[in-house]
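# Commentary on secondary and tertiary structure
Here is how the chains run, residue by residue.
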Amino acid sequence: MPPPAATRALHATGWLLVLALFAALLGYQIGRDVAERDNRADCVAAGTGCR
């Protein structure tokens with residue numbers, strides 16, 4: 001007997017939430033890396049050096 005439609009819908013919704021969270025965290029990390037690289041380029045161009 002297949003599970004009820006509501007159970008399948010909740011299961012699918014849960015997986016979509018997990019995927020959305022993963023995508024958000026990945027996007028956040030990529031954004032941080034890009035900002036850090038941009039900041040490093042700025043201080044190298046200014047000749048101040050970075051820590």
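The structure this text deals with has already been given above.
Scope of this entry: the structure provided in the associated data block.

Definitions and limits used
- Within each chain, residues carry numbers counting from 1 in the order of the written sequence.
- For this predicted model, a pLDDT threshold of at least 70 governs which residues receive local features, and a threshold of 80 or more governs which side-chain atom pairs are given and counted, while totals over whole chains, interfaces and linings are taken from all residues.
- Derived side-chain values reflect all non-hydrogen atoms in the structure, with water molecules and hydrogen atoms excluded from consideration.
- Helix and strand assignments follow DSSP, with helices taken as H or I runs no shorter than four residues and strands as E runs no shorter than two, numbered in order from the N terminus.
- Note on method: radius of gyration uses C-alpha positions; expected globular size equals 2.2 Å times residues raised to 0.38.
- Buried, partly exposed and exposed residues are distinguished by accessible area as a fraction of the type maximum, computed with a 1.4 Å probe on protein chains only: under 20%, between the cut-offs, and over 50%, respectively.
- Computed with the Shrake-Rupley method and a 1.4 Å probe, the accessible areas treat only the protein chains shown as cover for residues.
- Positive charges come from Lys and Arg alone, negative charges from Asp and Glu alone, with His and the N- and C-terminal ends not counted.
- A charge is said to be at NZ when it belongs to Lys, at CZ for Arg, at CG for Asp and at CD for Glu.
- We count a salt bridge whenever a side-chain nitrogen from Lys or Arg sits within 4 Å of a carboxyl oxygen from Asp or Glu.
- Given the number of residues in a helix, its expected span is that number minus one, multiplied by 1.5 Å.
- Any residue with relative accessible area above 30% and no salt bridge may belong to a patch, with like charges joined within 9 Å and the nonpolar Val, Leu, Ile, Met, Phe, Trp and Tyr side chains within 5 Å.

## Thoughts on the overall build of the protein chain
A count of helices and strands for the protein chain gives 1 helix and 0 strands. Relative to the 2.2 N^0.38 estimate, which gives 10 Å for 51 residues, the radius of gyration of the protein chain is 21 Å and therefore markedly larger than a compact globule would have. Along the first, second and third principal axes, the C-alpha set of the protein chain runs to 70 × 15 × 10 Å. The burial tally for the protein chain puts 2% of its 51 residues in the buried class. In the form shown here, the protein chain has an accessible surface area of approximately 4700 Å², with 69% of it arising from carbon and sulfur atoms. Averaging the positions of the 5 positive and the 4 negative side-chain charges in the protein chain gives two centres separated by 10 Å.

## A word on the pattern of salt bridges
Any two side chains of opposite charge can pair if their charged atoms end up close together. Following the criterion strictly, the structure yields 1 salt bridge and no others. Arg40 is the partner of Glu36 in a salt bridge, and the nearest nitrogen-oxygen pair spans 2.8 Å. Of this pair, Glu36 and Arg40 both sit in helix α1 (residues 5–46), 4 residues apart, which is roughly one turn of the helix.

## Concerning α1
At 3.6 residues per turn, the α-helix brings residues three or four places apart onto the same side. Across its 42 residues, α1 extends 61 Å between first and last C-alpha, which sits within 8% of the 62 Å expected from 1.5 Å per residue. Phi turns positive, to about 80°, at Gly47, one or two residues after α1.

## Concerning a nonpolar patch on the surface
Taken together, the side chains of Phe22, Leu26, Ile30 and Val34 make up a nonpolar region of the molecular surface, amounting to roughly 400 Å² of accessible area. Structurally, Val34 is set in helix α1.

## What to know about the environment of Thr48
You can see Thr48 is positioned in the segment after α1. Residue class for Thr48 comes out exposed when judged on its relative accessible area of 60%. Residues Thr48 and Arg8 lie 40 residues apart in sequence; the distance between their C-alpha atoms is 57 Å.

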